[in-house]
Amino acid sequence: MVEIELAIVGAGPAGLSAAIEARRAGANVLLIDENARPGGQLFKQIHKFFGSKAHKAGIRGFNIGNELLQESELLGINTWLNGEVCGIEDGHNLWVVRDRSYSEIVKAKKIIIATGATENAVTFPGWDLPGVMGAGAAQTMINVNRVLPGKKIIMLGSGNVGVIVAYQLLQAGGEVVAILEAAPKLGGYGVHTAKVSRAGVPFYVSHTIKQAFGTEHVEAVEIVELDSAFRQIAGTEQILEVDTVCLATGLTPLTELAWLAGCKFDFIPSLGGHLPIHDDKMHSTQPDIFIAGDISGIEEASTAMEEGRLAGINAAAELGYISEEEAEVRSQETRDSLNTLRSGYFGQKRRESKDSMVQKGKEVISWNIH
Amino acid sequence: MEYSLKTTGAPTLEELHKSPAFPTHEQFLKGPVVVIECIEEIPCNPCEASCPKGAITVGKSITNLPKIDFEKCIVCGMCVSACPGLAIYIKDYTYNDTKASLSFPYEYYPLPNPGDIVEAVDRYGKYVCDAKVIKVRNPKSNDHTSVVTIEYPKDHFEEAINIKRKIR
């Protein structure tokens, strides 16, 4: 058994930021990640980030990842890679399978769950053919492993993931035949859609994939128009020749550990579905468990880093390393920073959903703990 | 909002003219001018921070649309490579008697070379006219966002905003 003050599950942008804040305050931190490399999804983000200077705007995602790793190394943060957290008991004990070969129990005074999210799939006849993949998977292939999954690609979903990955597939030398969006309006930032549009990529709003064809792998797709109730309109089918289908159809928070830990949940479709309730300190309904990043609602790396910071500051405060007053001042700065990211046409809805979640969190948690 | 941007992917000229930073017809004819095609409120302000003359203002709420003071702007081009959305370029109607110039951010390899004849495209990637590459700038500070300058016939001044990428 390993005893530690703070265990953090997930070394993505949220987990790393949390670890850095808590370690800097003096807490004894163990960071655990199931992957061979830390950084979560940051190392496949080759585009320059948005936000302001405080959110590292203008810096490419993988360079933000490098900065976080350097900082965590400088602080000597103990990191277990290839460590799968398979269970959680009594709100403090983590069962970790290390290197897929042996188990270790980590007894932590405080835990931050920053496990991120997984890609959603949509199904259609032929969706199981080789060549149909998550947009995130294609992004890993091109930007991390430098393998172009195909030459003629169709993207299903026009949110930021869809348009950013489409752009990066063009950069990698692929041809993006079309980007489809089931809704009547495109989802991603206009600057992203404009960027792929002027590269000659056509957008099809109110369209989806009816089926994919192919014997050994995808050779073509049939696309179809949708009416306002998302029903397929007969007679609008078109065949497009493609060898790769990328699905950018949303993300679902990876909440298994929070369920196991007995955290109370809420269902908020706009943030990705079932989410552990949290308050404005990223506290879950379990007294010693915090959450941060996509598990607390699907957003983006910039917000995940801020939430991680918030969780790290407050976990360190509860461990006695930061005074309550200082923690509150720094938490408020982080919340303000989050609010600037959650504003405007795209952010406002997320802010409203997060605010109502935090409100619920405050009520449930004060009733729960005190 | 009922933007063409949200259905076709690209803004129309009409939508652009309504945005606070887009140059007026007169400004376009004066000489080199910075064009910011940012018409949607997203949380982002590196353009403001990149400007050495304080000509670009986003303001405290970083979802404000950028504004540009053309009196202060010296058309240095710092914002062109700084914009994470690749939404800023420089156009010069007065480049010479018959040709205009366009400097735009470009993140595809292989980069074009000065002297290359390339295909200028519009906001939908459609061929507009042939153009000649006159400069390719890729200093370290741009962090791999190269700035390519082309010259092209004045008749196509408005439509051309980028070039067709070379396919490897």
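Values in this document were obtained by computation on a predicted structure and should not be read as measured data.

Observations regarding the overall build of chain A
Step number 1: When you go through chain A residue by residue, the secondary structure sums to nine helices and 19 strands.
Step number 2: On C-alpha atoms alone, chain A measures out to a radius of gyration of 21 Å, which is about the 21 Å that the 2.2 N^0.38 rule sets for 370 residues.
Step number 3: Dimensions of chain A, computed from the C-alpha atoms along their principal axes, are close to 65 × 45 × 35 Å.
Step number 4: Counting only residues that meet the buried cut, chain A has 55% of its 370 residues in that class.
Step number 5: Pairs at least 24 apart in sequence give 64% of the contacts found in chain A among residues at least 6 apart.

What to know about the sheet that holds strand S13 (residues 220-225) of chain A
Residue and element names in this part refer to chain A.
Step number 1: Taken together, three strands build an open sheet; the order of strands is S12-S13-S14 and the sheet is antiparallel. Two strands lie at the open edges of the sheet, namely strand S12 (207-213) and strand S14 (238-241), each paired on one side alone. The sheet shows a mean angle of 30° between the axes of neighbouring strands, taken without regard to direction.

Some thoughts on the interface of chain A and chain B
Step number 1: The interface of chain A with chain B comprises 34 residues on the first partner and 37 residues on the second.
Step number 2: Of all the elements in the fold, those that place two or more residues in the side of chain A that touches chain B are helix H5 (190-197), strand S11 (203-205), helix H8 (324-341) and helix H9 (344-369) of chain A.
Step number 3: It is H5 of chain A that provides the largest number of residues to the side of chain A that touches chain B, a total of seven residues.

Overview of the domain arrangement of chain A
All names here are of chain A.
Step number 1: Looking at the assigned domains, one finds that chain A contains domain 1 (2-118 + 251-369) and domain 2 (121-247).
Step number 2: Measuring from the centre of the C-alpha atoms in domain 1 to the corresponding centre in domain 2 gives 31 Å.
Step number 3: Each partner contributes to the interface: domain 1 provides four residues, whereas domain 2 provides six residues.

Some thoughts on unusual backbone geometry
Step number 1: With an omega of -5°, the peptide bond between Tyr 109 of chain B and Pro 110 of chain B qualifies as cis.
Step number 2: Structurally, Pro 110 of chain B can be placed in the loop between strand S5 (99-106) and strand S6 (117-121).
Step number 3: Within the chain, Asp 90 of chain A stands out as a residue other than glycine whose phi angle is a positive 55°.
Step number 4: The backbone of Leu 86 of chain B shows a phi angle near 50°, a positive value even though the residue is not glycine.
Step number 5: Tracing the backbone through its elements, the reader meets Leu 86 of chain B in the loop between helix H5 (78-82) and strand S4 (88-92).
Step number 6: Given 23 C-beta atoms within 10 Å, Leu 86 of chain B falls into the buried group.

Comments concerning the packing of helix H1 (residues 13-25) of chain A against helix H7 (residues 301-318) of chain A
All names here are of chain A.
Step number 1: H7 packs onto H1 with a crossing angle of 30° between their chain directions and a minimal axis gap of 7 Å. Along this stretch, H1 crosses H7, giving a crossing that reads as right-handed. For the pair H1 and H7, the contacting residues are Pro 13, Ala 14, Gly 15, Leu 16, Ser 17, Ala 18, Ala 19, Ile 20, Glu 21, Ala 22 and Ala 25 in the first and Ala 301, Ala 304, Met 305, Glu 307, Gly 308, Arg 309, Ala 311, Gly 312, Ile 313, Ala 315 and Ala 316 in the second.
Step number 2: Taken together, the residues of the contact of H1 with H7 sort by class into 15 nonpolar, four polar and three charged.

Quick word on the sheet that holds strand S9 (residues 152-156) of chain A
Residues and elements named next belong to chain A.
Step number 1: Read across the open sheet, the five strands follow the order S8-S15-S9-S10-S11; overall the sheet is parallel. Looking along the sheet, the strands with just one partner apiece sit at the ends: strand S8 (132-134) and S11. Geometrically, the sheet is characterised by an average inter-axis angle of 20° between neighbouring strands, direction not taken into account.
Step number 2: Across three bridges, strand S10 (residues 175-181) lies against S11 in parallel orientation. Looking at S11, one finds that Glu 181 is bridged to Val 205.
Step number 3: Helix H3 (residues 135-143) contacts S8, S9 and strand S15 (244-247) of the sheet and is inclined by roughly 85° relative to S8.

Description of the environment of Arg 309 of chain A
All names here are of chain A.
Step number 1: Mapped onto the elements, Arg 309 comes out in helix H7.
Step number 2: Between the C-alpha atom of Arg 309 and that of Ile 20, which follows or precedes it by 289 residues, the distance is 7.9 Å.
Step number 3: When near neighbours in sequence (up to four residues on either side) are disregarded, Arg 309 contacts Ser 17, Ala 18, Glu 21 and Thr 334.

Brief notes about helix H2 (residues 61-74) of chain A
Residue and element names in this part refer to chain A.
Step number 1: In a regular helix each residue adds 1.5 Å, so 14 residues correspond to 20 Å; H2 covers 20 Å between its end C-alpha atoms and thus fits that length.
Step number 2: Within H2, burial applies to Gly 61, Ile 64, Gly 65, Leu 68 and Ser 72. End-on view of H2: buried residues confined to an arc of 105°, all on one side of the axis. Exposed side chains of H2 directed beyond 90 degrees from the buried face belong to Gln 70, Glu 73 and Leu 74.
Step number 3: Those residues of H2 hidden inside the fold are in contact with H1 and H7.
Step number 4: Taken from the residues just after H2, Gly 76 is the one with a positive phi, measuring 65°.

A closer look at the pairing of strand S2 (residues 29-32) of chain A
Residue and element names in this part refer to chain A.
Step number 1: Residues Val 29 and Leu 31 of S2 are buried on one face, and the alternating residues Leu 30 and Ile 32, pointing to the opposite face, are buried as well.
Step number 2: Alignment of strand S1 (residues 2-9) against S2, held across four bridges, turns out to be parallel. Its bridge partner being in S2, Leu 6 is matched across the sheet by Val 29.
Step number 3: At this point the chain moves from S1, through H1, to the parallel S2, and the crossover so formed is right-handed.
Step number 4: Where S2 lies against strand S3 (residues 78-80), three bridges are found, and the strand directions are parallel. Bridge pairing links Leu 31 to Thr 79 in S3.
Step number 5: In this fold, the crossover linking S2 to S3 by way of H2 has right-handed handedness.

Conventions we followed
- Residues numbered from 1 in each chain as written.
- Chains lettered and ligands numbered in written order.
- Predicted model: local features only at pLDDT ≥ 70, side-chain atom pairs only at ≥ 80, totals over all residues.
- Helix = DSSP H or I, 4+ residues; strand = E, 2+ residues; numbered from the N terminus.
- Rg over C-alpha atoms; globule rule 2.2 N^0.38 Å.
- Buried ≥ 20, exposed ≤ 12 C-beta atoms within 10 Å, placed from the backbone.
- Contact = placed C-beta atoms within 7 Å.
- Pairing = 2+ DSSP bridges.
- Axes fitted to C-alpha atoms, helices over the stretch in contact; angles between N-to-C directions.
- Domains from an automatic or database assignment.
- Left-handed = near helix turned anticlockwise from the far one by under 90°.
- Nonpolar A, V, L, I, M, F, W, Y, C, P; charged D, E, K, R; others polar.
- Expected span 1.5 Å × (residues − 1).
- Arc of directions from axis to C-beta.
- Right-handed = clockwise from strand over helix to strand, strands pointing away.

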